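# Chains, contacts and geometry: an overview
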Amino acid sequence: MIHLHFIGIGGIGMSGLAAMCADSGYRVTGSDRGADRPENRRIIDALELQGITIYPQDGSGVRASRPDFLVYSTAIEEDNPDFLAGEGIPRLHRSELLERVIGESHFNCTIAVTGSCGKSTVTAYLAETLTNLGADPACLDGALIKRFRGGRFAGNYRPGGGKYFVFEADESDKSLVRYSPDYAIVLNMGTDHYDKAELARVFAEFLRHVRKGAVLERGVYEAVRDLLPAGLEIRIIDAEPRPDSRYAVVDYRIATRAEAIYCHGRRARIAPSGDRAALDAEGANNLLSIYGLHSEECRIESRTPLAEFTGGRRLALPQGGFHTAMNALAIDALLEMIGFETEEVLEALERFDGVWRRNDFAGTTSSGALVYDDYAHNPEKILACLRAMRELASGDLYAVFQPHGFKPFGFMRDELFRDLEGELRARDRFILLPPYYAGGTSSFQPTAEEVCREWKAASRRPERFMTFPDRETLTDFLLLSTHPGDLIVIMGARDNSLSDFAASLSC
């Protein structure tokens, strides 16, 4: 039995791959410097239930077990204690190992999902849609999929029936070019790690290895069209219809329906129109509400996001946000390419339980504000998150962002400010916390204080930008400043304790 030792096994990508390898018959051990932190136990506990031994990241595990291979990610530096203790032991980059395991598993259909934004969510959404269709896919994701969590699996790996395998392909270190899937989805191109010209070259090289077909967002297609291999079937998705669009979002809206209306101390029967009590035949309450007056005592409403695609294809989306409509469109295009029936796909797309730390409701504060938790960590994702949160908030938006490292924070600072300056409303607040430091070499620049000063100086409304030195001080501010109808969203990547922080704000 081949023995693999994973350095940094608690990471979201490494832990899923470790679970897959253990499930495939490898002997797996690992190390992680954050294994004892409470916020990481949801992953570590699941790995240990699979019989995986986890050591401190001090070289002791390597010396004790002498594995056949050291598995590492791009984040692992050369002076890591496990590397030093394992001198002479062959190394495998996680992408190299994944390609090997895929080949050994003999899947009939492999599907890679990549792009600058949304790939973890779409990987999960695609795997759930295939599950809804009865296809029983295996899945490896860079996030914890709620529907697949439980027992010995944390949610980022799901064993399947053997035909379909859906996986996230990471563009951040260009390792996706090692993969040769049957099909691929490329969602978008951002500036999280590279400029768009370099990213276009990376995606083009990746697509040259795709065997059968790919779904590309329009901007991606325009950037790589001259570099695409002959014979690769391409389907393009558009955010709005064009004369040549086959797959486009024609309409996205939120449908509001009254579920219960109370008048004069009793629950009233709802009229067929769905927006008023049956006794209010003239719609007087709707007219009075324009002037802030009400004849109703209260009402309970449901809000359902609806999407329409080209060809008259309609569905009720499982989550809000225009980006969810685009995600569903990409999956629809791909599954139709593979051979699934359109109506069955649309029905399957209407159920998606979601992904941990993606648009996650965390509770309500003692002041009455809603609290959400989200993994958004680059300009595109933050903008999409804010727009989705706007659909849920009747009051002001308090967006808290902890950058996932000093280098990416410096890389995005200008673009993020431009996006926020146009998106934030007068009473909204965008709050920076100090960047997350996971260890290793760092310049510790720029700081949150430095960037906040820079943004305030350049902004038309500088009061919208704030920074706090720690979560304790921020908590006091949020609880004292928010009111019913306001919404707080906690954003950031890599630091699992952000989810616990969001939950701590609720009563």
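Before any of the text, the structure's been laid out above.
Everything in this summary refers to the structure shown in the same document. (Residues numbered from 1 in each chain as written. Predicted model: local features only at pLDDT ≥ 70, side-chain atom pairs only at ≥ 80, totals over all residues. Heavy atoms only, no water.)

Moving on: the overall build of the protein. In terms of helices and strands, the protein carries 16 helices and 22 strands. At 24 Å, the protein has a C-alpha radius of gyration in line with the 23 Å of a compact globule built from 507 residues. Over its C-alpha atoms, taken along the principal directions, the protein stretches across nearly 80 × 55 × 45 Å. Taking all 507 residues of the protein together, 55% fall into the buried category. Look at the contacts in the protein between residues 6 or more apart in sequence, and 67% of them connect residues 24 or more apart. Working note: accessible area of the protein is about 21600 Å², and carbon and sulfur atoms make up 48% of it. With 58 positive and 74 negative side-chain charges, the protein shows a spacing of 1 Å between the two charge centroids. (Helix = DSSP H or I, 4+ residues; strand = E, 2+ residues; numbered from the N terminus. Rg over C-alpha atoms; globule rule 2.2 N^0.38 Å. Buried < 20%, exposed > 50% of the residue type's maximum accessible area, 1.4 Å probe, protein only. Contact = heavy atoms within 4.5 Å. Areas by Shrake-Rupley, 256 points an atom, 1.4 Å probe, with all protein chains shown as cover. Lys, Arg positive; Asp, Glu negative; His and termini not counted. Charge placed at Lys NZ, Arg CZ, Asp CG, Glu CD.)

Moving on to helix α2 (residues 41–49). In an α-helix, one turn spans 3.6 residues; hence positions three or four apart end up facing the same way. If you check which residues of α2 are buried, you get Ile-43, Ile-44, Ala-46 and Leu-47. In an axial view of α2, the angular spread of the buried residues amounts to 165 degrees, which keeps them on one side of the axis. Of the surrounding secondary structure, the elements contacted by the buried residues of α2 are α1 (12–23) and β3 (53–55). Immediately downstream of α2, the backbone of Gly-51 shows phi near 85 degrees, a positive value. (Arc of directions from axis to C-beta.)

Here we take up the pattern of salt bridges. Scanning all chains against the criterion turns up 32 salt bridges. The network of salt bridges with shared partners includes Arg-218, Glu-222, Arg-225, Asp-238, Arg-242 and Asp-244. (Salt bridge = Lys/Arg side-chain N within 4 Å of Asp/Glu carboxyl O.)

Before going further, it helps to examine the packing of aromatic side chains. Applying the stated criterion across every chain, the model contains 18 aromatic pairs. Ring geometry for Tyr-72 versus Phe-83: centroids 5.7 Å apart, planes at 70 degrees, classification edge-to-face. One end of the pair, Tyr-72, is in strand β4 (residues 69–72); the other, Phe-83, is in helix α4 (residues 81–85), and eleven residues separate them in sequence. Centre to centre, the rings of Phe-153 and Tyr-157 are 5.4 Å apart; their planes meet at 70 degrees, and the pair counts as edge-to-face. Looking at Phe-153, the relative accessible area reads 12%, which means it is buried. (Phe/Tyr/Trp six-rings, centres within 6.5 Å; stacked < 30°, edge-to-face > 60°.)

With parallel pairing, the five strands of this open sheet are ordered in space as β3-β2-β1-β4-β5. Across the chains shown, the open sheet's two edge strands, defined by having one partner strand only, are β3 and β5 (91–93). Strand-to-strand, the axes of this sheet are offset by a mean angle of 25 degrees, without reference to chain direction. Across three bridges, β4 lies against β5 in parallel orientation. Bridging across to β5, Leu-70 finds its partner in Arg-91. Most of the contacts of helix α5 (residues 94–105) go to β5, to which it runs at about 85 degrees, and overall it touches β1 (3–7), β4 and β5. (Pairing = 2+ DSSP bridges. Axes fitted to C-alpha atoms, helices over the stretch in contact; angles between N-to-C directions.)

Before going further, it helps to spend a moment on the layout of surface pockets. Vacant regions in the atomic arrangement are exposed by a probe of water-molecule size rolled over the atoms. Approximately 300 Å³ is the volume attributed to the second largest pocket. Around the second largest pocket, the lining is made up of 18 residues, and of these Pro-318, Gln-319, Gly-320, Asn-359 and Leu-392 lie nearest the centre. A class-by-class count of the residues in the lining of the second largest pocket yields eight nonpolar, four polar and six charged. (1 Å grid on protein atoms, 1.4 Å probe; cavity = no way out; pocket = protein on both sides within 12 Å on 5 of 7 lines; lining within 4 Å. Points joined across faces, edges and corners; volume = space filled by probe spheres on them. Nonpolar A, V, L, I, M, F, W, Y, C, P; charged D, E, K, R; others polar.)

Another aspect to go through is the pairing of strand β22 (residues 487–491). Across the five residues that make up β22, a large majority, five, are buried. The alternating pattern of β22 places Leu-487, Val-489 and Met-491 and Ile-488 and Ile-490 on opposite faces, both of which are buried. As paired elements, strand β19 (residues 397–401) and β22 share five bridges and run parallel to each other. Within β22, the position partnered with Leu-397 by the bridge is Leu-487.

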